[in-house]
Every structure is written in structure tokens, then in C-alpha cells.
Amino acid sequence: MPKARITREMVVDAAFDVTRAAGAENVNARTVSEKLSCSTQPVMYHFARIEELKRAVYQKADLFHTEYLMNIDPGKGVMLSIGLNYIRFAIKEPNLFRFLFQSGFAVEASLFEMINSDELKPLLAAMQNAMEMTEKQTKEVFTTIALFAHGYASIIANNSLEYDEKTVARDLTRAYRGAVLAAREENI
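Residues numbered from 1 in each chain as written. Predicted model: local features only at pLDDT ≥ 70, side-chain atom pairs only at ≥ 80, totals over all residues. Heavy atoms only, no water.

Caption draft 1: Layout of helix 9 (residues 135-157). Here helix 9 is 23 residues long and its end C-alpha atoms lie 31 Å apart, about the 33 Å a rise of 1.5 Å per residue gives. Of the residues trailing helix 9, Asn 159 is marked for its positive phi of about 60 degrees. (Helix = DSSP H or I, 4+ residues; strand = E, 2+ residues; numbered from the N terminus. Expected span 1.5 Å × (residues − 1).)

Encoded structure:
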């Protein structure tokens, strides 16, 4: 049997590129096949439904996002770096940001599930180590900062707010300090 010229991974990569450039709403057999310079048949061979393809793209985008977040600037510290990276991601990759956080494709049904997901374990471990807090305290701080950063990122990704890193860094630092203080006081 001859080897397929267009692989499943190639289809996912092409759909990821379409999502990145034009948004997930523009992922279909035609746009992906155009990106691959082929007919729609290989796309539909690997993914009988576009919904399945979008789920595979979501997983790829989620890994890409996690790697982006983990590019820590040692001069800024773990928490500030992660928060700023989250917001920068919304600025530099608005279509991926919307797909990941505003499309309904997330597999987690609640914030609690998200915080306890396998994808967040490396992030939470880095935070816990940097903050020298318990796992429970780390999750409490993360929740506060995640909600705060997500608000900023959502506004920016939807073109409603100009990005001023100095102001955002100041605000994230204040939110972080308040969250740490609250977590430590509650666990005394």
C-alpha cells in the first residue's frame, strides 16, 4: 500500500496555520486543502468531520500556548512573566487566543477542572517553587492572577484596549501581591 502523501499531522499543522492567520471559524476542508495545495479528499480522509479537526488543532494550540507561557524572564520573576506572557499571547496571537479561551472548545467544564488539568501542572509547579507556598495556596494565587490577566488579555485580544506593558506589569504585580497576602493570611 503506498504511503499517504498528506499525513494527519500535515492536516493539523495546516489547520493550525489557518486558525492562527484567519481564526478557527475559517477552518474548513477547502481552506485547509488550499494551505496544503491538495484536494479536500486528504483532509476528509483524516478527519471525517471538521469538528474533529478543530479539536486536534485545539490540542496543538494549547501546547503552543503553554510553551509560550513558560518562556520565563528571570528578571521579572515567574508570576509576572507568566501573566505578561499570557497577555502578550493575546496581542501576538489573537486568533489562537480567541480559539483557546472564547470558542467553547475547552475540554474543561469549570475553572476548578482547568486548574487541576494536566496541562497546568508544569506551570503550577514552577509557581509553587518560586512562591514557596503549598499547592492549595499556589492554586488560589493562580486563580486570582489568571482571572485578572484573562480580563486584560480578553479586552486586548478583542481590540478594545491599547497595551501598555508598564501599566499592565504594575497592575499584575499589585494583584499578585494581594493574592499572595490573602492566601497566606487565610492559611495561618
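Caption draft 2: How the structure looks around the environment of Arg 184. Within the secondary structure, Arg 184 is located in helix 10 (residues 165-186). Overall, Arg 184 belongs to the partly exposed group, its relative accessible area being 40%. It is 7.3 Å that separates the C-alpha atoms of Arg 184 and Gln 137, two residues lying 47 residues apart in sequence. The residues contacting Arg 184, other than those within four sequence positions of it, are Met 131, Met 133 and Gln 137. (Buried < 20%, exposed > 50% of the residue type's maximum accessible area, 1.4 Å probe, protein only. Contact = heavy atoms within 4.5 Å.)

Caption draft 3: Representation of the environment of Ala 182 within the structure. Looking at the element boundaries, Ala 182 is found in helix 10. Taking the C-alpha atoms as reference points, Ala 182 and Glu 140, 42 residues apart in sequence, are found 9.0 Å from one another.

Caption draft 4: Spatial organisation of the nonpolar core. Residues Val 32, Leu 53 and Val 141 are the most contacted members of the largest nonpolar core, which totals 57 residues. Contributing elements (two or more residues each) for this core: helix 1 (8-22), helix 2 (29-36), helix 4 (50-69), helix 5 (78-92), helix 6 (94-102), helix 8 (121-131), helix 9 and helix 10. Per-element accounting of this core gives the leading share, nine residues, to helix 9. Residues in contact with Val 141, not counting those within four places in the same chain, are Met 79, Met 131, Met 133, Tyr 176, Ala 179, Val 180 and Ala 183. (Core = buried A, V, L, I, M, F, W, Y, C linked by side-chain atoms within 4.5 Å.)

Caption draft 5: Fine view of helix 6. Residues of helix 6 that are buried include every one of Asn 95, Leu 96, Phe 97, Phe 99 and Leu 100, and no others. The inward-facing, buried residues of helix 6 contact helix 1, helix 4, helix 5 and helix 9. Two residues or fewer past helix 6, Gly 104 is found with a positive phi of approximately 85 degrees.

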